[in-house]
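Residue-level structure breakdown
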Amino acid sequence: QVQLVESGGGLVQAGGSLRLSCVTSGSRFAFDTMGWYRQAPGKERELVAEIRSGGNRNYEDSAKGRFTISRGNARNTVHLQMNSLKPEDTAVYYCGAHGNIGSHKYEYWGQGTQVTVSS
């Protein structure tokens, strides 16, 4: 059974930094794409940043210049360095992975980690 586990969330003041990490267990293959998504109260889940197996990165507009996504040394690990945090970054952050194996699509999610930015 594939499991994604996030860590690194917490409470931080505006302007501060946090580093989120996501580790995976139970996967027999390298994921095509891993990413970070967030969901604030009353809002839909949205993409924050994702990184593809070839290294291409994609960021949500408000994350550009402040957040950096990177893959870890271990397979299927991913980090999100968040700097210059703002109160509007407050949300539950989820690690996700998706891709294709032949014609089979897969998608996995972690349980989420809370990030709270105080003003």
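Within any chain, residue numbers begin from 1 and follow the written order of that chain's sequence. In keeping with the model being predicted, local features are shown solely for residues with a pLDDT of at least 70 and side-chain atom pairs are shown and tallied solely at 80 or more, while totals for entire chains, interfaces and linings include all residues. To obtain the side-chain values, all non-hydrogen atoms of the structure were included, while hydrogens and water were left out.

So, on to the overall build of the protein chain. When its secondary structure is counted, the protein chain shows zero helices and eleven strands. Listing the helices and strands of the protein chain from first to last along the sequence gives β-β-β-β-β-β-β-β-β-β-β. For the protein chain, the C-alpha radius of gyration of 14 Å lies close to 14 Å, the compact-globule estimate for 119 residues. If you line up the protein chain on its principal axes, its C-alpha atoms span 45 × 25 × 25 Å. Any residue under 20% of the maximum accessible area for its type is buried, any over 50% is exposed, and the rest in between are partly exposed; the area is computed with a 1.4 Å probe on protein chains only. Expressed as a percentage of the 119 residues in the protein chain, the buried residues total 41%. Numbering of helices and strands runs from the N terminus, with a helix taken as a DSSP run of H or I at least four residues long and a strand as a DSSP run of E at least two residues long. We compute the radius of gyration from the C-alpha atoms alone; for a globule the expected value is 2.2 Å times N to the 0.38, where N is the number of residues.

Attention shifts here to the side chain of Thr33. Position of Thr33 among the secondary structure elements: in strand E4 (residues 33–39). Given the relative accessible area of 7%, Thr33 is considered buried. The contact criterion used throughout is that any non-hydrogen atoms of two residues lie within 4.5 Å. Setting aside anything within four residues of it in sequence, one finds Thr33 in contact with Glu50, Ile51, Arg52, Arg71, Gly96, Ala97 and His98.

Time to look at the packing of aromatic side chains. The geometry of an aromatic ring pair comes down to the distance between the two centres and the angle between the two planes. Two rings belonging to Phe, Tyr or Trp (six-membered ring only in the last case) form a pair when the distance between their centres is within 6.5 Å. Interplanar angles under 30 degrees mark stacking, angles over 60 mark edge-to-face geometry, and anything in between is tilted. Tallied over the full model, the rule gives six aromatic pairs. Ring centres of Tyr37 and Trp109 lie 4.9 Å apart, and the angle between their planes is 70°; on these two criteria the pair is classed as edge-to-face. Taken as a pair, Tyr37 in strand E4 and Trp109 in strand E10 (residues 104–109) lie far apart in primary sequence, 72 residues in all. The side chain of Arg45 reaches across the aromatic face of Tyr94, ending 3.7 Å from its centre. Lying over the aromatic face of Trp109, Arg45 brings its terminal NZ or CZ to 4.6 Å of the ring centre. In this scheme, Lys NZ or Arg CZ marks a charge over a ring once it lies within 6 Å of the ring centre and within 35 degrees of the ring normal.

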